[in-house]
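# Secondary and tertiary structure notes
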Amino acid sequence: MRHSNRAFLLVVLLASVAALAETPTVKLAPRNGVLRVAIVGDAGGGTEAVARGIARVHAEKPLDAIILPGDNIYPCGVRSVNDAGWVALQPLIDLGLPMFPVLGNHDYCGNPDAQLDAGTRFSEWHFPAREYVLQAGVADFAMIDTTPYVRGKSRAPDVGAMLSGSTAPWRIVVGHHTIISSGYHGFFPRDEHHRMRALLKPLRTAHVDLYICGHDHHLELVDSRPRMLVSGAASEPIPPLLLRPRTIFPSDARRQGGFAVVELTSEAMTIAFYDLGGRGLGVLVALASDREVVTGR
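These remarks concern the structure in this document. (Residues numbered from 1 in each chain as written. Predicted model: local features only at pLDDT ≥ 70, side-chain atom pairs only at ≥ 80, totals over all residues. Heavy atoms only, no water.)

### Some points on empty space enclosed by the protein
- Inspection of every chain in the model, using the stated rule, returns one cavity of 30 Å³ or more.
- For the largest cavity, the full set of lining residues is His177, Thr178, His185, Phe188, Glu192, His193, Met196 and His215.
- The residue makeup of the lining of the largest cavity, split by class, is two nonpolar, five polar and one charged. (1 Å grid on protein atoms, 1.4 Å probe; cavity = no way out; pocket = protein on both sides within 12 Å on 5 of 7 lines; lining within 4 Å. Points joined across faces, edges and corners; volume = space filled by probe spheres on them. Nonpolar A, V, L, I, M, F, W, Y, C, P; charged D, E, K, R; others polar.)

In structure tokens, the structure reads:
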């Protein structure tokens, strides 16, 4: 009888592990081999201005999607699919572009599962699980949940497992919290910062090319390995504290609201920064397939 019980428990345990290992996958088709995605972090407190800017960029050269790296709705997320707080994201939803979010710490203040269920209300909203893989032809995106991890309540996101089957030219990870940043959260709180820095090794082992985040309310690209794109300036922009030695953009620590656009082909990655009006900020960074950095204006 004891042997039977142990066998049963082993089966249950293996089934649980297998279930945890199944990361949902969503797909996004690039347009003629070119993928253009707006990165709109910390949108949370009213998105009319940034939505107008994205609409202007989209009209000039079509975008394929919007990625939201957390703190999607301020101040405390939403409680349900029908929560009145969704009005904050309505201007972005009205653009009609597919939206791929991850959760931020402010989203955990509410009911995170309400955001996972919102695809039943908004056809543009694609959020199958707290962690999932976005396969977009020229790139695979591991969409991770960093809040429980930085709070010491969960294991580190298993980026290697999420991207283990990737054959795309580019590997990108999207989380909320910063790893390397010139803003406050690139230094503090110390315990959270140390946990996020510990992700550098697994990201490098998984050959990740770019880490995208918000949390700090500014725009920045750091030439590290992997490169770090901070785009958390969709609302309430805050200037960086002190620019990192390897910061490519910006060139000074001014307050600047806006968003980033990542354009991908099989050969190159291009990152452009825009203000809230959709006007280019004068710096464009192209990362060729050999990972050489080319900057231009």
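### Regarding the side chain of Asp42
- With respect to the helices and strands, the residue Asp42 is situated in the loop between β2 (35-39) and α2 (48-60).
- In this structure the side chain of Asp42 is engaged in a polar contact, spanning 3.0 Å, whose partner is the side chain of Tyr74.
- Within polar-contact distance, the side chain of Asp42 engages the backbone nitrogen of His215 at 2.8 Å.
- Among residues more than four places away in sequence, those in contact with Asp42 are Gly70, Asp71, Tyr74, His176, Gly214, His215, His217, Gly232, Ala234 and Ser235. (Helix = DSSP H or I, 4+ residues; strand = E, 2+ residues; numbered from the N terminus. Polar contact = N/O pair within 3.5 Å; in protein donor to acceptor, adjacent residues only side chain to side chain. Contact = heavy atoms within 4.5 Å.)

### With respect to the environment of His185
- With respect to the helices, strands and loops of the structure, His185 is situated in the loop between β7 (170-174) and α8 (190-197).
- Sequence-wise, His185 and Leu241 are 56 residues apart; in three dimensions their C-alpha atoms are separated by 9.7 Å.
- Non-local contacts of His185, meaning those with residues more than four positions away in its chain, are made with Thr178, His193, His215 and Asp216.
- At a separation of 3.3 Å, a polar atom in the side chain of His185 contacts the main-chain carbonyl oxygen of Phe188.

### Structural notes on a nonpolar patch on the surface
- Among the surface-exposed residues, Tyr184, Phe188, Leu241 and Leu242 lie close enough to one another that they form a single nonpolar patch of about 410 Å² accessible area.
- Residue placement: Leu241 occurs in the loop between β10 (227-231) and β11 (247-249).
- We classify Leu241 as exposed; its relative accessible area is 51%. (Patch = residues over 30% accessible without salt bridge, like charges linked within 9 Å, V, L, I, M, F, W, Y side chains within 5 Å. Areas by Shrake-Rupley, 256 points an atom, 1.4 Å probe, with all protein chains shown as cover. Salt bridge = Lys/Arg side-chain N within 4 Å of Asp/Glu carboxyl O. Buried < 20%, exposed > 50% of the residue type's maximum accessible area, 1.4 Å probe, protein only.)

### Points about the packing of aromatic side chains
- Under the counting rule described, the total for this entry stands at eight aromatic pairs.
- An angle of 90 degrees between the planes, with centres 5.3 Å apart, marks the rings of Trp86 and Trp125 as edge-to-face. Here Trp86, found in the loop between β3 (65-69) and α3 (90-93), pairs with Trp125, found in the loop between α5 (112-116) and β5 (132-135); they are 39 residues apart in sequence, far enough to count as distant.
- Ring geometry for Trp125 against Phe127: centres 6.3 Å apart, planes inclined by 65 degrees, an arrangement best described as edge-to-face. The pair Trp125 / Phe127 is uniform in exposure class, with both members buried.
- Members of the aromatic cluster, joined through ring pairs, are Trp86, Phe122, Trp125, Phe127 and Tyr132. (Phe/Tyr/Trp six-rings, centres within 6.5 Å; stacked < 30°, edge-to-face > 60°.)

### Observations regarding the pattern of salt bridges
- Tallied over the full model, the rule gives ten salt bridges.
- Between Asp191 and Arg195 there is a salt bridge, with the nearest N and O atoms lying 3.9 Å from each other. Here Asp191 pairs with Arg195, and both are found in helix α8, just four residues apart, close to one helical turn.
- On the basis of relative accessibility, which here comes to 44%, the residue Asp191 falls in the partly exposed class.
- The partly exposed category is assigned to Arg195, whose relative accessible area is 29%.
- Three or more residues joined by partner-sharing salt bridges are found here, namely Arg36, Lys61 and Glu263.

### Overview of the pairing of β7
- Burial runs high along β7: five of the five residues are buried.
- Burial along β7 is two-sided: the residues Trp170, Ile172 and Val174 and Arg171 and Val173 are all buried.
- In this structure, β7 lies alongside strand β8 (residues 210-213), joined through three bridges in parallel fashion. Residue pairing across strands places Ile172 opposite Leu210, the latter belonging to β8. (Pairing = 2+ DSSP bridges.)

### Overview of the state of the cysteines
- Counted under the stated rule, the structure contains one disulfide.
- Here Cys76 connects covalently by a disulfide to Cys109, the sulfurs 1.5 Å from one another. Of this pair, Cys76 sits in the loop between β3 and α3 while Cys109 is found in helix α4 (residues 105-109), placing the two residues 33 residues apart along the sequence.
- Assessed through its relative accessible area of 26%, Cys76 is described here as partly exposed.
- Classification of Cys109 by relative accessible area gives partly exposed; the value is 34%. (Disulfide = S-S within 2.5 Å.)

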